[in-house]
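Chain by chain, the residues run as shown.
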Amino acid sequence: MDILAKLRIIFWGLVIGLWSLFMYQYMSDDMSTLKRFKIARNPFESSEEKRPGVVPAQFPEEQQLPADQQFPAEQPPALPAQPPASSVRPAAAPQPPAQGTSLSLVTGGADIKGVASHDSMPEPVDRGEAALARTQEGGSYPKPPEGFSMTVTRHFVVYEEGPKVSKGLTDTLESLHGNIMLDLVAFSPWTREKKVYIYYASDPATYHRLTGRPEWSGGAASLAERKIFVYKSDEAIGILAHELTHIYFDSFFTPSHPDPLWLSEGMATYIQAERGLSRPAWLEQNLKLLQGGSGFKLHDLVRIEDLQGADDDNVRLWYAECYSVVRFLIRMRAGESFYIFCKELRDGKTTHAALYRAYGMPYNKLSALEYAWRYDLKTGKITGPTQ
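Parameters at a glance
- Numbering of residues starts from 1 in each chain and follows the order in which that chain's sequence is written.
- Given that this is a predicted model, residues contribute local features only at a pLDDT of at least 70 and side-chain atom pairs are listed and counted only at 80 or more, while totals for whole chains, interfaces and linings are drawn from all residues.
- Note that water and hydrogens are dropped before the side-chain values are worked out from all heavy atoms of the structure.
- Helix and strand definitions follow DSSP, with helices as H or I runs of at least four residues and strands as E runs of at least two, each counted in order from the N terminus.
- For the exposure calls, accessible area comes from a 1.4 Å probe over protein chains only, and a residue counts as buried if that area is under 20% of its type's maximum, exposed if over 50%, partly exposed in between.
- Two residues qualify as a contact provided that any one of their heavy atoms is within 4.5 Å of a heavy atom in the partner residue.
- Only the protein chains shown count as cover for residues, and the accessible areas themselves come from Shrake-Rupley with a 1.4 Å probe.
- To pair, rings of Phe, Tyr and Trp, with the six-membered ring standing in for Trp, must have centres within 6.5 Å; the planes then decide the type, stacked if under 30 degrees apart, edge-to-face if over 60, and tilted in the middle.
- Comment: the charge-over-ring label is applied if NZ (Lys) or CZ (Arg) is within 6 Å of the ring centre and within 35 degrees of the ring normal.
- Each C-beta atom gives one direction from the helix axis, and the arc is the one those directions make.
- Here a polar contact is taken to be a pair of N or O atoms separated by no more than 3.5 Å, where protein atoms must pair a possible hydrogen donor with a possible acceptor and residues adjacent in sequence count only if both atoms sit in side chains.

Caption draft 1: Structural view of the overall build of the chain. For the chain, the count of helices and strands is eleven helices and six strands. Buried positions account for 48% of the 387 residues belonging to the chain. Look at the contacts in the chain between residues 6 or more apart in sequence, and 70% of them connect residues 24 or more apart. Taken as a whole, the chain presents about 19000 Å² of accessible surface, with 57% of it coming from carbon and sulfur.

Caption draft 2: Here's a closer look at the packing of aromatic side chains. Using the criterion set out here, one finds 21 aromatic pairs in the structure. For the pair Tyr141 and Tyr197, a centre-to-centre distance of 6.3 Å together with 70 degrees between the ring planes defines the contact as edge-to-face. Here Tyr141 is found in the loop between β1 (112-115) and β2 (148-152), whereas its partner Tyr197 is found in strand β4 (residues 196-201), with 56 residues between them in sequence. Judged by its relative accessible area of 29%, Tyr141 falls in the partly exposed class. According to the relative accessible area criterion, Tyr197 is buried, its value standing at 8%. Plain terms: the ring middles of Phe252 and Tyr339 are 5.4 Å apart, the flat faces sit at 55 degrees to each other, and that makes the pair tilted. Here Phe252 is found in the loop between α4 (236-250) and α5 (261-274), whereas its partner Tyr339 is found in helix α9 (residues 337-346), with 87 residues between them in sequence. Members of the aromatic cluster, each reached through a chain of ring pairs, are Phe187, Phe249, Phe252, Phe253, Trp262, Phe338, Tyr339, Phe341, Tyr359 and Tyr363. The ring of Phe252 carries the charged tip of Arg346 above its face, separated from the ring centre by 4.4 Å.

Caption draft 3: Seen up close, helix α3 (residues 204-211). Turning to α3, its buried residues are Thr206, Tyr207 and Thr211. What you see down the axis of α3 is that its buried residues fit within an arc of 115 degrees, all on one side. Against the buried residues of α3 lie β2, β3 (156-161), β4, β5 (219-222) and β6 (227-231). In this structure Asp203 caps α3, since a side-chain oxygen of it lies 3.1 Å from the backbone nitrogen of Ala205. Of the residues one or two after α3, Gly212 is the one with positive phi, at around 80 degrees.

Here you go:
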């Protein structure tokens, strides 16, 4: 080998070495922004005992795949199948988690679901009622309860306590529907033909008489019948936005493949905050905790199916993280990526497989999404700063 060839090898070796050093320093700076998670225990864990009759859930490790390799058409479910839900069920009692996972894998509560007011947390929807808006609109509309008036708008049947339904209420509801459809029109085309029933009480006592829910709760929803019950308060519009999202968004999924709890509640909180213009104080406080490095690992977040037995602080943090991750998925890439992600979940794909099919590389596993999401929380360089 002549001297010129040796000099070429030395030159390119130096170039590659300098480039590697630069990339190491660049990535080290980014990684330094991510602090360790601060939650040392699982807040949703109520016992270490094995639940009788339940096979331990198995969660396969995510696989790193090359960019040109597609996931198989069907993936085995990561969680054991849930029992079919009846139309009305008593609320499930808290149960210990299955051995082998730190999460409580139990079914949700009754069909009538409460949504709490400003300072508390909404109760999650019944996971057994996924095809919520597919029932037919048969016959005439239900008669108004005693003391209520009724009117029909383009998208709602509105029942308001008093001698007549106020134009301000109907205009607000239709405006809210239009804002929500900016994000959800692709998920709920049925709203062109089918209406949602809104019961608007003047005080908590009437609301309690209609629903049986405690007077301190802010609202309730019968999702299978597309009915929402709420009473007049400063939080009423935000509650309506949250519950309408459950009816509109959850109807996109199927009973065999319902949307996971984190996605359902994250989307409902996102619409409540972004389209209903009702950002509760607990959301802002917990977003600051997330920006400081607190929160759950996404691998754990997406497996949570029940919030019973958790303390209020951790439930609020869980809701805030679900909201933040959904906001990131919606905003990080233009086009229909988020719709494709939801469609893949509806078709039975695992979370990381749906993520890869919708967003491509490097999002072929949850750890990659978690890195990008937390980096964006710190810097706002992907989706912009949180308002």
